Amino acid sequence: MEAVIDTPPTAPLAAPDGGEQAIDLRAEFTESGLARVLDELDTDLVGLVPVKQRLREIGALLLVDRARARFGLQAVSPTLHMSFTGNPGTGKTTVALRMAEILHRLGYVRKGHLVTVTRDDLVGQYIGHTAPKTKEVLKRAMGGVLFIDEAYYLYRPENERDYGQEAIEILLQVMENQRDDLVVILAGYADRMERFFTANPGFRSRVAHHIDFPDYTGGELEAIGARILDGMNYRLSPAAEEAFHRYVELRMAQPHFANGRSVRNALDRARLRQANRLFASERPVTAGDLTTIEAEDILASRVFSGGIDSYPPLPAR
Amino acid sequence: MRITQGAFSFLPDLDDGQITRQVQYCIDKGWAVNIEFTDDPHPRNTYWEMWGMPMFDVPDAAGVMFELNACRKAHAGRNYIRVSAFDSTHTWESLRLSFITDRPADEPGFALDRQEVDGRSIRYTTRAYAADRPEGARY
Amino acid sequence: MNAIDKTTSADAPRSRYSAGVMEYRKMGYWQPDYEPKDTDVIALFRVTPQDGVDPIEASAAVAGESSTATWTVVWTDRLTACDKYRAKCYRVDPVPNSPGSWFAYIAYDLDLFEPGSIANLSASIIGNVFGFKPLKALRLEDMRLPVAYVKTFDGPATGIVVERERLDKFGRPLLGATVKPKLGLSGRNYGRVVYEALKGGLDFTKDDENINSQPFMHWRDRFLYCMEAVNKAQASTGEVKGTYLNITAGTMEDMYERAEFAKQLGSSIVMIDLIIGYTAIQSMAKWARRNDMILHLHRAGHSTYTRQKTHGVSFRVIAKWMRLAGVDHIHAGTVVGKLEGDPHTTKGYYDICREDYVPQNLAHGVFFDQDWASTRKLMPVASGGIHAGQMHQLIDLLGEDVVLQFGGGTIGHPMGIQAGATANRVALEAMILARNEGRDIVVEGPDILQDAARHCLPLRQALDTWKDVTFNYSSTDTPDFVPQATAAE
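Residues numbered from 1 in each chain as written. Chains lettered and ligands numbered in written order. Predicted model: local features only at pLDDT ≥ 70, side-chain atom pairs only at ≥ 80, totals over all residues. Heavy atoms only, no water.

**Some thoughts on the overall build of chain B**
The number of helices and strands found in chain B is 2 helices and 6 strands. Secondary structure of chain B in N-to-C order comes out as α-β-β-α-β-β-β-β. With respect to the principal axes defined by its C-alpha atoms, chain B has extents near 55 × 35 × 25 Å. A buried classification covers 56% of the 139 residues belonging to chain B. Sequence separation of 24 or more characterises 55% of the internal contacts of chain B that already satisfy a separation of 6 or more. Carbon together with sulfur atoms contributes 50% to the accessible area of chain B, which is approximately 6,400 Å² in total. (Helix = DSSP H or I, 4+ residues; strand = E, 2+ residues; numbered from the N terminus. Buried < 20%, exposed > 50% of the residue type's maximum accessible area, 1.4 Å probe, protein only. Contact = heavy atoms within 4.5 Å. Areas by Shrake-Rupley, 256 points an atom, 1.4 Å probe, with all protein chains shown as cover.)

**Remarks on the overall build of chain A**
When helices and strands are tallied, chain A shows 14 helices and 7 strands. Its C-alpha atoms put chain A at 80 × 55 × 30 Å along the principal axes. The buried share of chain A, taken over its 317 residues, is 45%. Approximately 16,100 Å² of chain A is accessible, and the part contributed by carbon and sulfur atoms is 53%. Between the mean site of the 38 positive side-chain charges and the mean site of the 44 negative ones, chain A shows a separation of 3 Å. (Lys, Arg positive; Asp, Glu negative; His and termini not counted. Charge placed at Lys NZ, Arg CZ, Asp CG, Glu CD.)

**Considering the arrangement of the chains**
Most contacts, when the 2 pairs of chains in contact are compared, are made between chains B and C. Regarding chain A and chain C, the two do not touch, and the least distance separating their C-alpha atoms is 16 Å.

**Regarding the interface of chain C and chain B**
On the chain B side, the residues contacting the 44 residues of chain C number 37 residues. Roughly 3,500 Å² of surface becomes buried between chain C and chain B when both sides are summed, with 52% attributable to carbon and sulfur atoms. Sorting the residues of chain C by area buried against chain B places Phe170(C), Leu433(C) and Asn436(C) first, and these three jointly supply 17% of that buried surface. Across the chain C-chain B interface, the total number found is 5 salt bridges. (Buried area = accessible area lost by both parts, 1.4 Å probe. Salt bridge = Lys/Arg side-chain N within 4 Å of Asp/Glu carboxyl O.)

**Focus on the pairing of strand β3 (residues 145–149) of chain A**
Residue and element names in this part refer to chain A. Extensive coverage of β3 is indicated by the burial of 4 of its 5 residues. For strand β2 (residues 114–117) and β3, the ladder comprises 4 bridges, and the chain directions are parallel. Note on β3: the bridge partner recorded for Thr116 is Phe147. Sheet topology places β3 next to strand β4 (residues 183–188); 5 bridges connect them, and they run parallel. Across the sheet, the residue bridging to Val145 is Val183, located in β4. Handedness of the β3-helix α7 (residues 164–177)-β4 crossover: right-handed. (Pairing = 2+ DSSP bridges. Right-handed = clockwise from strand over helix to strand, strands pointing away.)

**What to know about the UniProt feature "domain: AAA+ ATPase" (unreviewed entry) in chain A**
UniProt records the feature "domain: AAA+ ATPase" (unreviewed entry) for residues 78–217 of chain A in the present numbering. Counted over residues 78–217 of chain A, helix gives 43% and strand 18%. Its end C-alpha atoms are 35 Å apart. (UniProt positions renumbered as here; feature names shortened; annotations may be inferred.)

**Remarks on the side chain of Ser237(A)**
All names here are of chain A. On the secondary structure map, Ser237 appears in the loop between β6 (235–236) and α11 (238–252). For Ser237, a relative accessible area of 7% puts it in the buried group. Beyond its immediate stretch of four places on either side in the chain, Ser237 contacts Thr292, Ile293, Glu294 and Ala295.

**What about the packing of helix α10 (residues 218–231) of chain A against helix α12 (residues 259–281) of chain A?**
All names here are of chain A. Two numbers describe how α10 lies on α12: the axes approach to 9 Å, and their chain directions differ by 50°. By the angle between their directions, the pair α10 and α12 is classed as oblique. As α10 runs across α12, the sense of the crossing is right-handed. Between α10 and α12, the residues in contact are Leu221, Ile224, Gly225, Ile228 and Leu229 and Asn259, Gly260, Val263, Arg264 and Leu267, respectively. Considering only residue class, the contact of α10 with α12 consists of 6 nonpolar, 3 polar and 1 charged. (Axes fitted to C-alpha atoms, helices over the stretch in contact; angles between N-to-C directions. Parallel < 35°, antiparallel > 145°, perpendicular 65-115°, else oblique. Left-handed = near helix turned anticlockwise from the far one by under 90°. Nonpolar A, V, L, I, M, F, W, Y, C, P; charged D, E, K, R; others polar.)

**Quick word on helix α8 (residues 219–237) of chain C**
For α8(C), spanning 19 residues, the distance from its first C-alpha to its last is 27 Å, which sits close to the expected 27 Å at 1.5 Å a residue. Just past α8(C), the residue Gly238(C) takes up positive phi, approximately 70°. (Expected span 1.5 Å × (residues − 1).)

**Quick word on the sheet that holds strand β6 (residues 204–206) of chain C**
Strands belonging to one sheet form pairs held by backbone hydrogen bonds; the direction of such a pair is parallel or antiparallel. All names here are of chain C. Taken in spatial order, the 8 strands close into a barrel running β5-β6-β7-β8-β9-β11-β14-β15, and their pairing is parallel. Sheet twist, expressed as the average angle between the axes of neighbouring strands with direction ignored, equals 25°. Strands in contact with helix α7 (residues 187–200) are β6 and β7 (242–246); relative to β6, the strand with the most contacts, it is inclined by about 150°.

**A few points about the interface of chain B and chain A**
Contact with chain B, which involves 11 residues of that partner, is made by 11 residues of chain A. Summed over both sides, the interface between chain B and chain A buries roughly 960 Å², with carbon and sulfur atoms accounting for 64% of that surface. The largest contributions to the chain B side of the interface with chain A come from Pro59(B), Asp60(B) and Phe66(B), which together make up 52% of the buried area. The interface formed by chain B and chain A holds 3 salt bridges in total.

**Quick notes on the sheet that holds strand β4 (residues 94–102) of chain B**
All names here are of chain B. A sheet is described by the order of its strands in space; here 4 strands give the open sequence β2-β1-β3-β4, paired in antiparallel fashion. Two strands close off the open sheet at either side, each with one partner strand: β2 (49–50) and β4. By the bridge criterion, 2 bridges tie strand β1 (residues 32–38) to β2 in an arrangement that is antiparallel. Within the sheet, the bridge partner assigned to Glu36 lies in β2 and is Met50. Where helix α2 (residues 61–75) meets the sheet, it contacts β1, β3 (80–87) and β4, and its direction lies at approximately 5° from that of β1.

**Notes on the packing of aromatic side chains**
The geometry of an aromatic ring pair is captured by two quantities: the separation of the ring centres and the angle between the planes. Evaluation of the coordinates by the stated rule reveals 28 aromatic pairs over all chains. A centroid spacing of 6.1 Å and a plane angle of 55° characterise the contact between Tyr247(A) and Phe304(A), whose relative ring orientation is tilted. One end of the pair, Tyr247(A), is in helix α11; the other, Phe304(A), is in the segment after α14 (295–299), and 57 residues separate them in sequence. The class for Tyr247(A) is buried, based on a relative accessible area of 4%. Under the relative-accessibility criterion, Phe304(A) is labelled partly exposed at 22%. Relative to Phe130(C), the ring of Phe45(C) has its centre 6.3 Å away and its plane inclined at 55°; by these criteria the two rings are tilted. A residue pair is termed long-range when its members are at least 10 positions apart, and Phe45(C) in strand β1 (residues 41–49) and Phe130(C) in the loop between α4 (118–125) and β4 (135–144) qualify at 85 residues. (Phe/Tyr/Trp six-rings, centres within 6.5 Å; stacked < 30°, edge-to-face > 60°.)

**Points about helix α1 (residues 16–28) of chain B**
Quick reminder: α-helices carry 3.6 residues per turn. Residues three or four places apart thus point the same way. Residue and element names in this part refer to chain B. Compared with an ideal rise of 1.5 Å per residue, which puts 13 residues at 18 Å, α1 spans 18 Å between its outermost C-alpha atoms and is within 8% of the ideal. By the burial criterion, the buried members of α1 are Gln18, Ile19, Gln22, Val23, Gln24, Tyr25, Cys26 and Ile27. The backbone nitrogen of Gly17 lies 3.0 Å from a side-chain oxygen of the residue at the head of α1, namely Asp15. (Polar contact = N/O pair within 3.5 Å; in protein donor to acceptor, adjacent residues only side chain to side chain.)

**A word on the confidence of the model for chain A**
When the pLDDT values of chain A are averaged, the result is 87; 90% of them are 70 or greater. Every residue in residues 1–11 of chain A scores below 50 in pLDDT, and together they form 12 contacts with partners more than four places removed in sequence or on other chains. (pLDDT = per-residue confidence, 0-100.)

**Digging into the nonpolar core**
In terms of nonpolar packing, the biggest core is built from 161 residues, with Phe45(C) and Met322(C) touching the most fellow members. For this core, the element with the most residues is helix α16 (residues 417–436) of chain C, which contributes 11 residues. Shared between two domains, this core holds at least three residues of each, these being domain 1 (2–150) and domain 2 (159–464) of chain C. When residues no more than four places from it in sequence are discounted, the contact partners of Phe45(C) are Val62(C), Trp102(C), Phe103(C), Ala104(C), Ile106(C), Tyr108(C), Ile125(C), Phe130(C), Leu138(C), Arg139(C) and Leu140(C). With 55 residues, the next largest nonpolar core counts Ala35(A), Leu38(A), Tyr108(A) and Leu114(A) among its residues. (Core = buried A, V, L, I, M, F, W, Y, C linked by side-chain atoms within 4.5 Å. Domains from an automatic or database assignment.)

Quick look at the structure:
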C-alpha cells in the first residue's frame, strides 16, 4: 500500500543499554519550532480562541505520532487533510499558512508552501480540460498544502455532466495515495461544507481534522482594525475611535459582512477619504495630519445612512 | 546491449528514491524538469516525444514523480523514458541534466551500415534494429 | 613603496618634441591621473627593472615601447593625434613579497588595434618590449579586454552549450583519453585504442600534440581508421562519440586539406596545436564555424613562456586570447595531475574560459573585471596524470563543464582499455549522482568510489592500481595575493 511509510523520520529507537528509551516531548516541542509558531499565532492573530486551541491539539497529536513512529509504533502515515469552516474573513487562509508551517516543521510536508485555489483553478471549460488543470495544481502543491476555498463549488449536483466531478475524483485519488506528498485543506461556509461532505462521503472519510472558525466579536474586530492601521502607520483620533466602534456595530448586522476583510476594506476607504480631506484643505500638512484618521473619515460611510459600505460592490453570490 | 545515453547509464538503474533526489536537485537549481519518451533511441534522435510540458512551477519532486508515474503507466516497457532539466539562465538557455529512467526490457541495439565510396572512404549509417518495425510496435 | 612621481607630459609641445633623448615618463607614457576609458584595452605587466632603473621610468618605457615610442623623439609624432595613441601607464604598485618587481597598469586606446586580430593585439602588447634592455624581466599578467573590442571577434565556433547539445550529453564532465603511446602506432593499431576506449564509456579520444603525419602513420590512415572506430563505438553504445583528429601541419594548405577530409568522414571535432600560431588558429576557428565543427586546442608549447613567474605571458592571457580567437576546447590544467597548476590560479583560468562575466579576484590571479558580452564559453580540458581515484577532487575543483582526459588512466588499466574507460565513466557518474544528492564529495569521495566499485570490477581494479599516485610538487606560477587579501581598491 502506498501510504505505508518506508522510511520513518528517523530509525526506530532501540535503547542501547536494554532499558527504556525516552523522548522528551517538551524539548521536541521547542526544538521543532512548533512552540514558536504557535506563540506567534497567539500574538499575531486576534481572537480565534477555539481555533488556536485546535491547532495546539493537532500539533500535540502530530508530535506524539512522530515520537510513536520513532519507537516503531506507527506504521501508517497519518491522514492530515482538514476542513476549515467559517464565514468569510475569519482568518482561514491566514491559519492555513501557519498550518503549512507547522506541518513543515514537524516534517509532515517537505516544502511547507501553500497553494490557494478555487473551483476555477481546478475545473476546465470543455472535455479533456479538467484533468490537466487539476493535475497542474496538484503538482504545484505537492510538498506543501493545497487550500481549496469554497470547495463545495466543485460539486454541482444540478448538472450531472459537470466537469467538477472529474476534479473531485482526481483529488480523492491523490489525497488517498499520496498522503506523504500533499495535505489538502477544504474551506468554506460551515453549512454548505456539511452538505458537500454528505453528498461526497469520500471527502468526509479522508478529512481527519475539522476546524470551525467563529465570527469575530465587535471588540475583536476593533482590535483587528487597530492592528491594521498600526501596521500602516495610521491611527484613529479619539473621536474616530468612537465612530469606528459604531461603524463596526452597524456593519456586523448587515448582509455580506466579511469579518476581518470588511474591517480592512472599511479602513482602506477611510484612508481614501482622509487623503481627499487633506488635499481639499489646501494648507500645509504635518506628520500628525498624515497619520491621523478623523471621525469624519469614518462617518462619511454609507453604513451610517443605512447603505452597505462596499466599494467596489460585492458580486452577487 | 545497453544504450548509454544520459548522465547515469553506467550505473545500475536508478530507483524512485534516487530519481526523486536528482529531480529535487534540478528544481532547487531553478530548472524546469521535463519528461520525454521514445521508441527510436538513435543517438541523433534529438526530439523524443514530450510527456506534457516542462514543469516550470513545481517546487517539490513529488509533482514530477506524479507525472513520471503517469508516463510509465502509458509507455513503460515499450519505450525509453528520460528526465531532462532546462536552465533558462542567460548564456546557457539549454539542458543542464538529462538521464534515462526507464528502458525496454530488451534492447536490440544498432546495426552499422557501411557504404564503400571514393577509394577507401566509407559512409557510415547507424540504424536501430527496432526501428525496422513501425512506431509504437518496436519493443 | 615607491615615491610616485607626479611629473607628466604637461610640458609645452615645443620642448616635448625637440630632437634628442628624453625620459619615457616625460613623453606622456606615465599619467598617474589618467582614468582608463571603458573602451581602453588595459594590460597589467610585472616589471623587473635592471638595478638602478626607476620603476616608474621602466613602466613608462613598457607603455612607450608597446605603443608609439621609439628610443628618441621623432617630429613625425606631431603629424598624428599622438596623445590618443600613446599608451598610458597610470599605476605602478610593488609586487607583494617580491622586492624589485612592480605591477604596471597600462591603458591602450582601442584605435591601436585592428579589430578581430590576435596577431595585431599580441604584436603590440608583447611585440618588441620583452627584449627591452633596461628590464631584467617582464611578464604580461592579465588584460582587460573592453566589450567594444571583444565584439570584434567571433569567439568559439561552438561553445560549451552547443557542444553539449550536439553531443546530447548534459550534467556531467565529458570524458576523454589521449591515445598512447604517442608515437609509433600504425593507423590500424591506433584505431583499436580509439574503439576500445570509446566503447568502454569515454566520449572522446584524442591525438597527441605531435601526432601529425609521420613515417609510421600517415594522416589519412589515422583519420580513416579512427572514424571506423568512432562509428563502430557509436553503434555499439547508442551514444554520440568523437575523436579529436589533429590537423596540425606544416602549411595552412595542408591543414585545410586535413580538416576537409575529417569533415568528409563525418568527424564532429578536429584539433590544432597552439604552436601553429595565432593567425592559423583564427583561420581554423573560422573554418570550424563554417563547417559545424568543434575545434580542440592543445596548448603545446605554452609552458615556454607561461610557467616562470617573472618573465613571459601568463596563461590567463593566453586563455583570453584563445576565447577571442574562437577555439572550443583548451587545456587549462588539472591541479591534481602531473602538470603545473596551482589550484587558485587554475580556478582563475577556468573562470576566464567558462563565465560570461569574470569579476576581479586577486587570489585567483584575476586582476580585472572581464565582461565577455555573451561570447560563447570555452570548454576547459583537464589532462595529464589524472585517474579515477581522484574523481571527487576533480569534480570539486573543476566543476562539470570540463573534459577530463585520462590517458594513462584509461589505457594503462590492468584489464585493458575498455575496462579502463568503464572505470572512469562509472566513477564519474557515481560522483555526479552523489554530488547532486547533496553529499559532501570532498569528504565522502573515497567511500562513494568504493561503493560504486562494488558493482563495477574495472573500477575496483583501477582504484587498487592507482590508489597512491599523486604529483605533489609546488607550483611555480602561484597568485601573488593570498586568498584572504582584499582587493586593493
